[in-house]
Amino acid sequence: MTPAELVKRLLAEQDLKYRDFHASLLPNIDKKTIIGVRVPTMRKIAKEFADSAKGSARTTRSAAGSVTDSTAAKTMPADVAKFLDKLPHKYFEENQVHLFVVERIKDFDECLYRIEQFLPYIDNWAVCDGKSPKALLKDEKRFVSCIEKWLKSKHPYTVRFGVNMLMNFFLDERFDKKFLKWVAAIDENLFDDDSTGAAQSQKQAASVNATRPTDRYYVQMVIAWYMATALAKQWASTFPYIKGRKLSPWIHAKSIQKACESYRITSEQKEILRGLK
(Lines give C-alpha, C1' and ligand atoms only; values in the text may rest on other atoms or scores of the structure.)
Protein backbone atom coordinates (compact mmCIF):
# COMPACT_ATOMS: atom_id res chain seq x y z
CA MET A 1 0.00 0.00 0.00
CA THR A 2 1.46 3.35 -1.04
CA PRO A 3 0.74 6.63 0.78
CA ALA A 4 -1.70 7.60 -1.99
CA GLU A 5 -3.47 4.25 -1.67
CA LEU A 6 -3.64 4.79 2.08
CA VAL A 7 -5.55 8.03 1.59
CA LYS A 8 -7.91 6.33 -0.87
CA ARG A 9 -8.48 3.61 1.71
CA LEU A 10 -9.39 6.21 4.33
CA LEU A 11 -11.73 8.00 1.94
CA ALA A 12 -13.45 4.69 1.18
CA GLU A 13 -14.29 4.35 4.88
CA GLN A 14 -15.89 7.79 5.15
CA ASP A 15 -18.96 8.12 7.37
CA LEU A 16 -20.42 11.59 6.90
CA LYS A 17 -22.60 11.47 10.01
CA TYR A 18 -19.62 10.47 12.09
CA ARG A 19 -17.55 13.22 10.47
CA ASP A 20 -20.12 15.83 11.48
CA PHE A 21 -20.22 14.49 15.03
CA HIS A 22 -16.45 14.28 15.37
CA ALA A 23 -15.97 17.75 13.87
CA SER A 24 -18.06 19.12 16.74
CA LEU A 25 -15.47 17.69 19.13
CA LEU A 26 -12.61 19.36 17.23
CA PRO A 27 -13.74 22.99 16.89
CA ASN A 28 -10.20 24.30 16.42
CA ILE A 29 -9.50 22.48 13.14
CA ASP A 30 -11.06 22.88 9.70
CA LYS A 31 -13.95 20.47 9.17
CA LYS A 32 -12.84 20.06 5.54
CA THR A 33 -9.75 18.23 6.77
CA ILE A 34 -11.84 15.58 8.55
CA ILE A 35 -12.85 12.58 6.45
CA GLY A 36 -14.95 10.83 9.08
CA VAL A 37 -13.34 7.47 9.91
CA ARG A 38 -13.75 5.74 13.25
CA VAL A 39 -10.71 5.01 15.43
CA PRO A 40 -10.90 1.18 15.27
CA THR A 41 -11.02 1.40 11.48
CA MET A 42 -8.04 3.77 11.41
CA ARG A 43 -6.06 1.40 13.62
CA LYS A 44 -6.91 -1.48 11.29
CA ILE A 45 -5.84 0.54 8.25
CA ALA A 46 -2.59 1.56 9.98
CA LYS A 47 -1.82 -2.11 10.62
CA GLU A 48 -2.65 -3.03 7.02
CA PHE A 49 -0.44 -0.21 5.75
CA ALA A 50 2.52 -1.20 7.92
CA ASP A 51 2.10 -4.90 7.12
CA SER A 52 1.63 -4.42 3.38
CA ALA A 53 4.90 -2.50 3.22
CA LYS A 54 6.96 -5.17 4.96
CA GLY A 55 8.14 -6.77 1.76
CA SER A 56 8.77 -3.52 -0.10
CA ALA A 57 12.07 -1.75 -0.66
CA ARG A 58 13.43 -0.42 2.61
CA THR A 59 15.23 2.69 3.75
CA THR A 60 17.42 3.58 6.68
CA ARG A 61 18.41 6.91 8.13
CA SER A 62 21.97 8.09 8.50
CA ALA A 63 23.16 9.54 11.79
CA ALA A 64 22.22 12.96 10.46
CA GLY A 65 18.66 11.83 9.85
CA SER A 66 18.78 11.65 6.05
CA VAL A 67 17.26 8.64 4.31
CA THR A 68 19.31 6.21 2.22
CA ASP A 69 18.55 2.91 0.47
CA SER A 70 19.28 -0.23 2.47
CA THR A 71 18.48 -3.93 2.70
CA ALA A 72 19.31 -4.16 6.40
CA ALA A 73 16.86 -6.09 8.55
CA LYS A 74 16.02 -3.30 10.99
CA THR A 75 15.02 -0.50 8.64
CA MET A 76 11.88 1.38 7.70
CA PRO A 77 9.79 0.14 4.72
CA ALA A 78 10.11 2.73 1.96
CA ASP A 79 6.37 3.45 1.60
CA VAL A 80 5.98 3.87 5.36
CA ALA A 81 9.02 6.18 5.55
CA LYS A 82 7.69 8.23 2.65
CA PHE A 83 4.33 8.66 4.40
CA LEU A 84 5.91 9.57 7.74
CA ASP A 85 8.27 12.06 6.11
CA LYS A 86 5.60 13.81 4.04
CA LEU A 87 4.53 16.50 6.47
CA PRO A 88 2.20 18.16 7.03
CA HIS A 89 -0.57 15.74 6.09
CA LYS A 90 -3.80 16.98 4.53
CA TYR A 91 -6.32 15.04 6.59
CA PHE A 92 -6.93 14.60 10.31
CA GLU A 93 -7.14 10.85 9.74
CA GLU A 94 -3.69 10.79 8.14
CA ASN A 95 -2.35 12.32 11.33
CA GLN A 96 -4.08 9.66 13.39
CA VAL A 97 -2.76 6.86 11.20
CA HIS A 98 0.68 8.45 11.37
CA LEU A 99 0.92 7.95 15.13
CA PHE A 100 -0.81 4.56 14.99
CA VAL A 101 1.98 3.47 12.63
CA VAL A 102 4.66 5.00 14.87
CA GLU A 103 3.20 3.08 17.83
CA ARG A 104 4.05 -0.13 15.98
CA ILE A 105 7.75 0.72 15.60
CA LYS A 106 9.78 -1.54 17.87
CA ASP A 107 13.18 0.18 17.69
CA PHE A 108 13.66 2.86 20.37
CA ASP A 109 15.70 5.29 18.28
CA GLU A 110 13.43 5.10 15.25
CA CYS A 111 10.30 5.47 17.37
CA LEU A 112 11.70 8.50 19.22
CA TYR A 113 12.90 10.09 15.98
CA ARG A 114 9.47 9.70 14.39
CA ILE A 115 7.64 11.10 17.40
CA GLU A 116 9.86 14.16 17.67
CA GLN A 117 9.61 14.66 13.92
CA PHE A 118 5.81 14.72 14.16
CA LEU A 119 5.11 16.56 17.43
CA PRO A 120 5.25 20.09 15.91
CA TYR A 121 2.47 19.11 13.48
CA ILE A 122 -0.07 18.00 16.09
CA ASP A 123 -2.84 20.60 16.23
CA ASN A 124 -5.63 18.95 18.22
CA TRP A 125 -6.28 16.84 21.30
CA ALA A 126 -7.56 13.77 19.45
CA VAL A 127 -4.31 13.13 17.57
CA CYS A 128 -2.34 13.86 20.73
CA ASP A 129 -4.24 11.55 23.08
CA GLY A 130 -4.59 7.78 23.35
CA LYS A 131 -1.18 6.85 21.94
CA SER A 132 1.17 4.28 23.49
CA PRO A 133 4.61 4.13 21.85
CA LYS A 134 5.82 1.25 24.00
CA ALA A 135 9.18 1.03 22.25
CA LEU A 136 10.23 4.11 24.22
CA LEU A 137 10.13 2.06 27.42
CA LYS A 138 13.19 0.18 26.16
CA ASP A 139 15.28 3.10 27.42
CA GLU A 140 13.32 4.65 30.27
CA LYS A 141 16.08 7.10 31.20
CA ARG A 142 16.13 8.69 27.74
CA PHE A 143 12.34 8.54 27.50
CA VAL A 144 11.94 10.42 30.78
CA SER A 145 14.53 12.97 29.68
CA CYS A 146 12.52 13.60 26.51
CA ILE A 147 9.30 13.95 28.47
CA GLU A 148 10.91 16.56 30.72
CA LYS A 149 11.92 18.48 27.58
CA TRP A 150 8.45 18.18 26.02
CA LEU A 151 6.81 19.59 29.15
CA LYS A 152 8.88 22.77 28.71
CA SER A 153 7.89 23.24 25.07
CA LYS A 154 6.06 26.33 23.85
CA HIS A 155 3.96 24.13 21.56
CA PRO A 156 0.75 23.20 23.44
CA TYR A 157 0.30 19.74 21.99
CA THR A 158 3.91 18.78 22.60
CA VAL A 159 3.29 19.65 26.26
CA ARG A 160 0.02 17.72 26.21
CA PHE A 161 1.73 14.71 24.63
CA GLY A 162 4.39 14.77 27.34
CA VAL A 163 1.80 14.82 30.12
CA ASN A 164 -0.03 11.97 28.41
CA MET A 165 3.16 9.91 28.40
CA LEU A 166 3.58 10.43 32.15
CA MET A 167 -0.07 9.53 32.68
CA ASN A 168 0.07 6.43 30.46
CA PHE A 169 3.40 4.97 31.54
CA PHE A 170 4.62 6.56 34.78
CA LEU A 171 1.84 6.51 37.37
CA ASP A 172 2.23 2.93 38.52
CA GLU A 173 5.46 1.02 39.19
CA ARG A 174 7.52 3.60 37.28
CA PHE A 175 6.14 6.53 39.29
CA ASP A 176 8.48 9.13 40.77
CA LYS A 177 7.38 12.12 42.85
CA LYS A 178 9.41 14.41 40.61
CA PHE A 179 6.89 13.84 37.81
CA LEU A 180 4.22 15.62 39.87
CA LYS A 181 6.58 18.59 40.26
CA TRP A 182 7.20 18.67 36.52
CA VAL A 183 3.50 18.72 35.67
CA ALA A 184 2.63 21.27 38.36
CA ALA A 185 5.42 23.53 37.05
CA ILE A 186 4.02 23.73 33.49
CA ASP A 187 3.48 27.38 32.63
CA GLU A 188 -0.04 27.57 31.23
CA ASN A 189 0.46 31.30 30.60
CA LEU A 190 2.73 30.47 27.65
CA PHE A 191 -0.34 29.63 25.62
CA ASP A 192 -2.83 32.00 24.02
CA ASP A 193 -6.31 32.45 25.38
CA ASP A 194 -7.60 33.00 21.84
CA SER A 195 -7.83 30.10 19.40
CA THR A 196 -6.05 31.86 16.59
CA GLY A 197 -3.06 33.13 18.53
CA ALA A 198 -3.62 36.52 16.90
CA ALA A 199 -4.00 39.76 18.82
CA GLN A 200 -7.63 40.55 19.62
CA SER A 201 -9.60 42.96 21.73
CA GLN A 202 -10.91 41.63 25.07
CA LYS A 203 -14.44 41.60 23.64
CA GLN A 204 -13.37 39.58 20.58
CA ALA A 205 -11.37 37.15 22.69
CA ALA A 206 -14.28 36.63 25.07
CA SER A 207 -16.56 35.90 22.12
CA VAL A 208 -14.15 33.30 20.74
CA ASN A 209 -13.58 31.68 24.12
CA ALA A 210 -17.29 31.39 24.75
CA THR A 211 -17.68 29.05 21.80
CA ARG A 212 -14.26 27.44 21.16
CA PRO A 213 -11.74 25.80 23.49
CA THR A 214 -8.26 27.29 23.25
CA ASP A 215 -4.71 25.95 23.19
CA ARG A 216 -4.40 27.02 26.81
CA TYR A 217 -7.54 25.08 27.71
CA TYR A 218 -6.14 21.86 26.23
CA VAL A 219 -2.96 22.24 28.25
CA GLN A 220 -4.89 23.05 31.43
CA MET A 221 -7.23 20.13 30.88
CA VAL A 222 -4.50 17.51 30.49
CA ILE A 223 -2.81 18.76 33.67
CA ALA A 224 -6.11 18.36 35.51
CA TRP A 225 -6.62 14.87 34.06
CA TYR A 226 -3.11 13.93 35.14
CA MET A 227 -3.63 15.20 38.68
CA ALA A 228 -7.00 13.45 38.97
CA THR A 229 -5.49 10.18 37.75
CA ALA A 230 -2.51 10.65 40.06
CA LEU A 231 -4.89 11.11 42.99
CA ALA A 232 -6.41 7.74 42.13
CA LYS A 233 -3.08 5.95 41.77
CA GLN A 234 -0.69 7.90 44.00
CA TRP A 235 -2.91 9.61 46.57
CA ALA A 236 -0.30 10.17 49.27
CA SER A 237 2.11 11.91 46.91
CA THR A 238 -0.52 13.87 44.97
CA PHE A 239 -2.91 15.09 47.68
CA PRO A 240 -0.46 17.71 49.03
CA TYR A 241 -0.72 19.51 45.67
CA ILE A 242 -4.46 19.87 46.22
CA LYS A 243 -4.36 20.55 49.95
CA GLY A 244 -1.61 23.12 49.47
CA ARG A 245 -3.34 24.68 46.44
CA LYS A 246 -0.16 24.41 44.40
CA LEU A 247 -2.07 24.51 41.08
CA SER A 248 -3.75 27.48 39.40
CA PRO A 249 -7.39 27.98 40.52
CA TRP A 250 -8.92 26.58 37.32
CA ILE A 251 -6.71 23.48 37.24
CA HIS A 252 -7.20 22.98 40.99
CA ALA A 253 -10.99 22.99 40.62
CA LYS A 254 -10.97 20.82 37.50
CA SER A 255 -8.63 18.27 39.11
CA ILE A 256 -11.04 17.92 42.02
CA GLN A 257 -14.01 17.65 39.68
CA LYS A 258 -12.42 14.90 37.59
CA ALA A 259 -11.20 13.02 40.65
CA CYS A 260 -14.68 13.11 42.16
CA GLU A 261 -16.09 11.70 38.92
CA SER A 262 -13.71 8.73 39.10
CA TYR A 263 -14.79 5.36 40.47
CA ARG A 264 -11.17 4.81 41.55
CA ILE A 265 -11.42 7.51 44.22
CA THR A 266 -13.05 6.38 47.47
CA SER A 267 -16.10 8.12 48.94
CA GLU A 268 -13.98 9.31 51.87
CA GLN A 269 -11.38 10.78 49.54
CA LYS A 270 -14.07 12.52 47.47
CA GLU A 271 -15.49 14.09 50.60
CA ILE A 272 -12.07 15.45 51.51
CA LEU A 273 -11.55 16.82 47.99
CA ARG A 274 -14.97 18.51 47.90
CA GLY A 275 -14.00 20.36 51.07
CA LEU A 276 -11.03 21.85 49.22
CA LYS A 277 -12.86 23.28 46.21
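Residues numbered from 1 in each chain as written. Predicted model: local features only at pLDDT ≥ 70, side-chain atom pairs only at ≥ 80, totals over all residues. Heavy atoms only, no water.

S.K.: Any chance you could break down the overall build of the protein for me, citing the residues and the numbers?
M.R.: Along the backbone of the protein there are 15 helices and 3 strands. Out of the 277 residues belonging to the protein, those deemed buried represent 49%. Relative to all contacts within the protein whose residues are 6 or more apart in sequence, the contacts with residues 24 or more apart total 68%. In the form shown here, the protein has an accessible surface area of approximately 14,100 Å², with 52% of it arising from carbon and sulfur atoms. (Helix = DSSP H or I, 4+ residues; strand = E, 2+ residues; numbered from the N terminus. Buried < 20%, exposed > 50% of the residue type's maximum accessible area, 1.4 Å probe, protein only. Contact = heavy atoms within 4.5 Å. Areas by Shrake-Rupley, 256 points an atom, 1.4 Å probe, with all protein chains shown as cover.)

S.K.: Describe the nonpolar core, and please don't skip the residues or the numbers.
M.R.: One finds Trp 150, Tyr 226 and Leu 273 to be the most contacted residues of the largest nonpolar core, which totals 84 residues. The greatest single-element share of this core, amounting to 10 residues, is contributed by helix H12 (residues 215-233). Leaving out residues up to four positions away in the same chain, Leu 273 has contacts with Leu 231, Trp 235, Phe 239, Ile 242, Ile 256, Ala 259, Cys 260 and Ile 265. (Core = buried A, V, L, I, M, F, W, Y, C linked by side-chain atoms within 4.5 Å.)

S.K.: With reference to specific residues and values, describe unusual backbone geometry.
M.R.: Across the junction of Leu 87 and Pro 88, the peptide omega takes the value 0°, indicating a cis bond. For Arg 245, which is not a glycine, the phi torsion comes out positive at approximately 50°. Within the secondary structure, Arg 245 is located in the loop between helix H13 (235-243) and helix H14 (249-260).

S.K.: I'd like a rundown of the packing of aromatic side chains, residues and numbers included.
M.R.: All told, the structure shown has 11 aromatic pairs when counted by the stated rule. Aromatic pair Tyr 18 and Phe 21: ring centres 6.3 Å apart, planes at 45°, arrangement tilted. Note that Tyr 18 and Phe 21 are positioned in helix H2 (residues 16-25) at a spacing of 3 residues, about one turn of the helix. According to the relative accessible area criterion, Tyr 18 is buried, its value standing at 13%. Where Trp 235 meets Phe 239, the ring centres are 4.9 Å apart and the plane angle is 15°; that geometry is what we call stacked. Within this pair, Trp 235 and its partner Phe 239 are both found in helix H13, separated by 4 residues, close to a single helical turn. (Phe/Tyr/Trp six-rings, centres within 6.5 Å; stacked < 30°, edge-to-face > 60°.)

S.K.: I'd love a proper account of the side chain of His 22, names of residues and values included.
M.R.: Within the secondary structure, His 22 sits in helix H2. Not counting the four nearest positions on each side in its chain, His 22 is found in contact with Phe 92 and Ala 126.

S.K.: Can you tell me about the packing of helix H5 (residues 92-103) against helix H6 (residues 108-118), naming the residues and giving the values?
M.R.: Their axes nearest at 10 Å, the elements H5 and H6 cross at an angle of 160°. One way to sum up the angle between H5 and H6 is to call them roughly antiparallel. Classified by chirality, the crossing of H6 by H5 is left-handed. In contact with Asn 95, His 98, Leu 99 and Val 102 of H5, H6 contributes Cys 111, Arg 114, Ile 115 and Phe 118. Each residue belonging to the contact of H5 with H6 can be placed in one class, and the counts come to 5 nonpolar, 2 polar and 1 charged. (Axes fitted to C-alpha atoms, helices over the stretch in contact; angles between N-to-C directions. Parallel < 35°, antiparallel > 145°, perpendicular 65-115°, else oblique. Left-handed = near helix turned anticlockwise from the far one by under 90°. Nonpolar A, V, L, I, M, F, W, Y, C, P; charged D, E, K, R; others polar.)

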